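# Breakdown of the fold
Residues per chain are reported as follows:
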Amino acid sequence: MNRPSNERYQGRFTAPERKAARRITGGALALLILFLSLARLGAETFKLLAYADVFIGGGRMLIYGDVNNVDLNLSAIPIYTEEPENPDGDYIIKLNDGTTIIYKGHTYELNRNLTTVLVLGIDHKIQTEKVVGNGGQSDAILLVGLDTSNGKTTLLNISREAYAEVEVYDPSGAYIGIVPEQITLAYAYGNARETSCENTLRSVSRLLYGLPISSYLAVDMDGIKEANEAVGGVTVKSLVSMTLPSGTELHEGDVIELHGHDLEWYIRTRGYDLEANQRRMERQKQYLTEFSKLAVAKARDNLSFPVDLFSALSPFTVTDLDITDVAFLSSTFISHGAEFDFRTIEGTPDKLNGSTVLYLDEIDLFEAVLQMFYVQVD
């Protein structure tokens, strides 16, 4: 398998101008909750669709629109601009600057209805550190893709250990260069707020061949605990045996309702062997799936729940989403059935300079890009 090199990424991505992170104002929240209370007079489906329509202006701003050039620059699969005379194995035909791709006999076009949000789980308190290098790392990296035309949602689970191109800055914030290393470190080279999120967003976008990401939301562990309590705690069937901070001896297969430090221990603890983070990602996936079921049930019962939760998490998050974005995206997701697919990229773990890195399988990565960002049109 080919390992990534600097040449694979350089010159392929220019960071777009980002929207400034915005906070919820009390007036906006009050008006929204008032509207939601009135909307409860209608039928459930009608309420949700009307709710989406009211905020469609704000929500539509998230859709990334035209992309002039998708630079695949793959090393594992040959790329052509027309049908090759003597093809050998799988190959790609790249048309219209990459917005149209022919692969394995099928034609794919870039999905113009897609909204993408990079969700980061941060291992430090998100608003306390201001010095570059002291703001923690992104222990969990999820790219959420939501098709606003049909509600289809995919979560791309990216390993924190994925070997990727990261922009490196010194403690004063001066740019040093692009270095291949664990993608989790991208967050550290920022102010633990907007610039950390933006740097991680750029690394993820480069990893996905320069494709755009609409927005970001980073939440620290205290925020995850707050969200957990908002749904009344999450029950899981344990995937691991461990001793929890509460003193509970948890055995694989035990059913437990997670709260507080026990929750943190369950979704964050990992060993030091090469497969440790993959096992932790399975627990995080399990937890998020069960949390989502509870959150959706609450949102169906109380339409203001998503924005109430967004407001409650404000002290523990940094994001360029605003309350109208959250209202639009959550209502679109729920009104179309509130189901999502998980996608994880295959890879080979190895040790590099004393740390574990995951060399992603480039073909699996490319096919994930097709699944998330494109639609099959033939």
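First things first, this report covers the structure right here in the doc.

Procedures and definitions
- Residues numbered from 1 in each chain as written.
- Predicted model: local features only at pLDDT ≥ 70, side-chain atom pairs only at ≥ 80, totals over all residues.
- Heavy atoms only, no water.
- Pairing = 2+ DSSP bridges.
- Helix = DSSP H or I, 4+ residues; strand = E, 2+ residues; numbered from the N terminus.
- Axes fitted to C-alpha atoms, helices over the stretch in contact; angles between N-to-C directions.
- Buried < 20%, exposed > 50% of the residue type's maximum accessible area, 1.4 Å probe, protein only.
- Contact = heavy atoms within 4.5 Å.
- Salt bridge = Lys/Arg side-chain N within 4 Å of Asp/Glu carboxyl O.

## Focus: the sheet that holds strand E16 (residues 340–344)
Taken in spatial order, the six strands make up an open sheet running E15-E10-E5-E6-E7-E16, and their pairing is mixed. Edge positions in the sheet fall to strand E15 (317–319) and E16, since each of these pairs with one other strand and no more. Geometrically, the sheet is characterised by an average inter-axis angle of 20° between neighbouring strands, direction not taken into account. Alignment of strand E10 (residues 215–220) against E15, held across three bridges, turns out to be antiparallel. Bridge assignment links Leu217 to a residue of E15, and that residue is Thr319.

## A word on the environment of Val168
In this fold, Val168 is placed in strand E8 (residues 163–169). According to the relative accessible area criterion, Val168 is buried, its value standing at 9%. Between the C-alpha atoms of Val168 and Val132, which are 36 residues apart in sequence, the distance is 9.9 Å.

## Describing unusual backbone geometry
Its identity as a non-glycine residue notwithstanding, Asp97 has a phi of 60°, on the positive side. Position of Asp97 among the secondary structure elements: in the loop between strand E2 (92–95) and strand E3 (100–103). Notably, Ala192 is not glycine yet its phi reads approximately 65°, a positive angle. With relative accessibility at 0%, the residue Ala192 sits in the buried group.

## A word on the environment of Leu239
Here Leu239 shows up in the loop between strand E11 (234–237) and strand E12 (242–243). Once residues within four sequence positions are removed from consideration, Leu239 is found in contact with Glu252, Tyr266, Glu282, Arg283 and Gln286.

## Looking at the pattern of salt bridges
If you walk through the whole model with that rule in mind, you get 16 salt bridges. Asp71 serves as the salt-bridge partner of Lys94, at 4.0 Å between the closest nitrogen and oxygen. Of this pair, Lys94 sits in strand E2 while Asp71 is found in the loop between helix H4 (56–60) and strand E1 (79–80), placing the two residues 23 residues apart along the sequence. As a salt-bridge pair, Lys293 and Glu290 come within 3.3 Å of each other at their nearest N and O atoms. With Lys293 and Glu290 both in helix H8 (residues 276–301) and three residues apart, the pair spans about one turn of that helix. A relative accessible area of 52% means that Lys293 is categorised as exposed.

Any link to function would need more than the numbers given here.
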